[in-house]
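# Residue-level structural notes
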Amino acid sequence: MYEGFANVYDHVMNHIPYEEWFERLKVYLAEHGLTSGAICELGCGTGIMTELFAGAGFRMIGVDNSSDMLALASGKSYETGSDILYLQQDMESFELAEQVDAVISVCDSVNYLVQEDALSSVFRQVRKYLKPEGYFIFDMKTAYCYQNIIGNQTWVEQDEEVSYIWENYFYEDSGVNEYMLTIFKKQMDSELYERIEEAHYQKVYEIPHVKKLLEQNGLEIVECFDETFKKEPTESSERVYVVAKIKE
């Protein structure tokens, strides 16, 4: 997953409002007394969000299982001079050398855990490495998003550097969403294009079930927000943010 896609990820995903997400998270953490300290980002990818928090003065640790994504993230860190520790690890078994003030995971990384045991393992590891007063914030795409926004559709985008076909299939019986990606990337100093094909899978998790898994692993939900990070989720919310802490 993401091995071939990594080199075009930032280009293809340039519509993602990372800076808006960052501002919302930064403001929320500041309102709850966290303006510095150590943050671990799970599923950090090419380090876009990691870099933003590092630029705001946080000591960042980025965890991802794709060596290609982390190579790009490390390249950004070298260029900006940010002191970020990147670790190639699976989310469900990540290990840190210290406890951190917050753990974050954005851009529906949690949805990629299609097995319930894997999601539970992530929560268990977060509980292990989160400071007693720390916050765990993650987002998830909703069933409404998969059923009504993404659905069984195909998208085609094309420009001079990268073209792609994005085929989407949502299987309601299992709650699993399948992305089939066919990417054509222009080769350097050539008129030829490299073809990349990848399949990605995500799963819907409803909030009550997430709440149960969190509590089984010593965490509890503090608040839930919709995609605006201002209101509680509704039946038509496309993305849900969950804020959790260690159970008292």
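Just so it is clear, the model here is predicted, and its values are computed rather than measured.

Rules used in this analysis
- Residues numbered from 1 in each chain as written.
- Predicted model: local features only at pLDDT ≥ 70, side-chain atom pairs only at ≥ 80, totals over all residues.
- Heavy atoms only, no water.
- Helix = DSSP H or I, 4+ residues; strand = E, 2+ residues; numbered from the N terminus.
- Rg over C-alpha atoms; globule rule 2.2 N^0.38 Å.
- Contact = heavy atoms within 4.5 Å.
- Areas by Shrake-Rupley, 256 points an atom, 1.4 Å probe, with all protein chains shown as cover.
- Salt bridge = Lys/Arg side-chain N within 4 Å of Asp/Glu carboxyl O.
- Buried < 20%, exposed > 50% of the residue type's maximum accessible area, 1.4 Å probe, protein only.
- Axes fitted to C-alpha atoms, helices over the stretch in contact; angles between N-to-C directions.
- Parallel < 35°, antiparallel > 145°, perpendicular 65-115°, else oblique.
- Left-handed = near helix turned anticlockwise from the far one by under 90°.
- Nonpolar A, V, L, I, M, F, W, Y, C, P; charged D, E, K, R; others polar.

## Some thoughts on the overall build of the protein
Along its length, the protein carries 7 helices and 11 strands. Against the globule reference of 18 Å for 248 residues, the protein gives a C-alpha radius of gyration of 18 Å, in line with a compact fold. In terms of its C-alpha atoms, the protein occupies a principal-axis envelope of roughly 60 × 45 × 30 Å. Look at the contacts in the protein between residues 6 or more apart in sequence, and 64% of them connect residues 24 or more apart. Of the accessible surface of the protein, which amounts to about 12200 Å², a share of 47% is contributed by carbon and sulfur atoms.

## Examining the pattern of salt bridges
What the rule picks out here adds up to 10 salt bridges. One salt bridge connects Glu23 with Lys26, and the closest N-O pair in it is separated by 3.6 Å. Separated by 3 residues within a single helix, Glu23 and Lys26 lie in helix α2 (residues 18–31), roughly one turn from each other. For Lys26, a relative accessible area of 29% gives the class partly exposed. Residue Lys131 is joined to Asp101 by a salt bridge in which the shortest nitrogen-to-oxygen separation is 3.3 Å.

## Describing the packing of α2 against helix α3 (residues 48–55)
Look at α2 against α3: their axes get within 10 Å of each other, and the N-to-C directions meet at 45°. One finds that α2 runs oblique with respect to α3. Of the two possible hands of crossing, α2 and α3 adopt the one that is right-handed. Two secondary-structure elements touch here, α2 through Tyr18, Glu19, Trp21, Phe22, Leu25, Lys26 and Leu29 and α3 through Ile48, Met49, Leu52 and Phe53. When grouped by side-chain class, the residues that make up the contact of α2 with α3 number 9 nonpolar, no polar and 2 charged.

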